[in-house]
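# What the coordinates show
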Amino acid sequence: MPAVFGIDSSGLDLVVRLVILFLVVIWLALVYWTYADARRRITDSTLVVCAAAASLFPFVGTIVYMIVRPPEYLEDVRERDLEILAAEARLHELHHHVCPHCDGDVEKDFLRCPSCLRKLKDPCHACGRPLEQQWAICPYCETEVPGAIQPRATRRRRRRDEAPEPSLAEPSLSEPTVEHEY
């Protein structure tokens, strides 16, 4: 076998051949990486092929691609667009209400549907504001709603660190009391 770069030492020639093999493998890996990354970032297949062809120039083509590539993956762009659409839909739902009987447009504080004239909500007896059916009191004037079922109070458990400390006057259950006879 001819020596690379005219090197006569077999050990040094082997090291040079391994370095060249390593650089070729890295270069081919960069060509593949550029192609795969361009496919995830660019929709136009012609530009993807151009980016991969540019990376055929050893190392420089990949560096140039990394400078001019789009900043986002196509999947991230799609996800952001879907999140924007979902947020717009939620905002639309907050401001757009529909009558459950006729699907006519109503606002959240309507007492009756203007299309079918059905009753949507009851007014508060004190302030006249519309009340939801599950409300036990009017949140605007704090008047109790007659006929509403009062919710049961739920007891919250105390955590151990919030438990009151035993007073000095009362003996603790964990510490036995010892009575001394004198």
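Please refer to the structure higher up on the page.
Residues numbered from 1 in each chain as written. Predicted model: local features only at pLDDT ≥ 70, side-chain atom pairs only at ≥ 80, totals over all residues. Heavy atoms only, no water.

### A look at the overall build of the chain
- Assigned secondary structure in the chain consists of four helices and four strands.
- Secondary structure of the chain in N-to-C order comes out as α-α-α-α-β-β-β-β.
- Put simply, the chain has 182 residues, and 17% of those count as buried.
- In the chain, 24% of the contacts between residues at least 6 apart in sequence involve partners at least 24 apart.
- Of the roughly 15800 Å² that the chain leaves accessible, carbon and sulfur atoms contribute 59%. (Helix = DSSP H or I, 4+ residues; strand = E, 2+ residues; numbered from the N terminus. Buried < 20%, exposed > 50% of the residue type's maximum accessible area, 1.4 Å probe, protein only. Contact = heavy atoms within 4.5 Å. Areas by Shrake-Rupley, 256 points an atom, 1.4 Å probe, with all protein chains shown as cover.)

### Here we look at the side chain of Arg41
- Within the secondary structure, Arg41 sits in helix 1 (residues 10-41).
- For Arg41, a relative accessible area of 9% puts it in the buried group.
- Only 3.2 Å separates the side chain of Arg41 from the backbone oxygen of Pro71, close enough to count as a polar contact.
- If near-sequence neighbours (up to four positions away) are discounted, Arg41 is found in contact with Tyr65, Arg69, Pro70, Pro71, Glu72, Tyr73 and Leu74. (Polar contact = N/O pair within 3.5 Å; in protein donor to acceptor, adjacent residues only side chain to side chain.)

### Examining helix 2 (residues 45-54)
- Along helix 2, the positions that sit buried rather than exposed are Val48, Ala51 and Ala52. Axial view of helix 2: buried residues confined to an arc of 95 degrees, hence all on one face.
- Contacts made by the buried residues of helix 2 are with helix 1 and helix 3 (60-68). (Arc of directions from axis to C-beta.)

### Some points on unusual backbone geometry
- At Leu117, a residue that is not glycine, the phi angle is positive and equals roughly 65 degrees.
- Considering the arrangement of structural elements, one finds Leu117 in the loop between strand 2 (105-106) and strand 3 (122-123).
- The phi dihedral of Glu142 falls on the positive side, at around 65 degrees, and the residue is not glycine.
- Here Glu142 shows up in the segment after strand 4 (130-131).

### Quick notes on the packing of helix 1 against helix 2
- Running from N to C, helix 1 and helix 2 point in directions that differ by 160 degrees, and their axes come no closer than 8 Å. Judged by the inter-axis angle, helix 1 sits roughly antiparallel to helix 2. Two packed elements cross with a definite hand, and for helix 1 against helix 2 that hand is right-handed. In this structure, helix 1 uses Val31, Thr34, Tyr35, Ala38 and Arg39 to contact helix 2, whose residues at the interface are Val48, Ala51 and Ala52.
- For the contact of helix 1 with helix 2, the per-class residue count stands at six nonpolar, one polar and one charged. (Axes fitted to C-alpha atoms, helices over the stretch in contact; angles between N-to-C directions. Parallel < 35°, antiparallel > 145°, perpendicular 65-115°, else oblique. Left-handed = near helix turned anticlockwise from the far one by under 90°. Nonpolar A, V, L, I, M, F, W, Y, C, P; charged D, E, K, R; others polar.)

### Some words on the packing of helix 1 against helix 3
- In the contact formed by helix 1 and helix 3, the axes pass within 10 Å of each other and the chain directions differ by 20 degrees. On the basis of their axis angle, the class for helix 1 and helix 3 is roughly parallel. The element helix 1 and its partner helix 3 pack so that their crossing is left-handed. Every residue of helix 3 that contacts helix 1 at Leu30, Trp33, Thr34, Asp37, Ala38 and Arg41 is listed here: Thr62, Tyr65 and Met66.
- Taken together, the residues of the contact of helix 1 with helix 3 break down into five nonpolar, two polar and two charged.

### Digging into the nonpolar core
- One finds Ala38, Ile42, Val48, Ala51 and Tyr65 forming the largest nonpolar core, which totals five residues.
- In contact with Ala51, not counting residues within four places along its chain, are Thr34, Ala38 and Tyr65. (Core = buried A, V, L, I, M, F, W, Y, C linked by side-chain atoms within 4.5 Å.)

### As for the layout of surface pockets
- Put simply, the largest pocket is a space of about 180 Å³.
- Lining the largest pocket, in full, are His97, Val98, Pro100, Val106, Glu107, Lys108, Phe110, Leu120, Lys121, Glu132 and Gln133.
- Its residues assigned to classes, the lining of the largest pocket comprises five nonpolar, two polar and four charged. (1 Å grid on protein atoms, 1.4 Å probe; cavity = no way out; pocket = protein on both sides within 12 Å on 5 of 7 lines; lining within 4 Å. Points joined across faces, edges and corners; volume = space filled by probe spheres on them.)

### Points about a nonpolar patch on the surface
- A cluster of nonpolar residues, Leu12, Val15, Val19, Phe22, Leu23 and Ile26, forms a patch on the protein surface that exposes about 520 Å² of accessible area.
- Mapped onto the elements, Leu23 comes out in helix 1. (Patch = residues over 30% accessible without salt bridge, like charges linked within 9 Å, V, L, I, M, F, W, Y side chains within 5 Å. Salt bridge = Lys/Arg side-chain N within 4 Å of Asp/Glu carboxyl O.)

### Section: the state of the cysteines
- Per the stated rule, a full pass over the model turns up zero disulfides.
- Left without a disulfide partner, Cys113 is nearest to the cysteine sulfur of Cys102, which lies 3.5 Å away.
- Using a relative accessible area of 1% as the deciding quantity, one classes Cys113 as buried. (Disulfide = S-S within 2.5 Å.)

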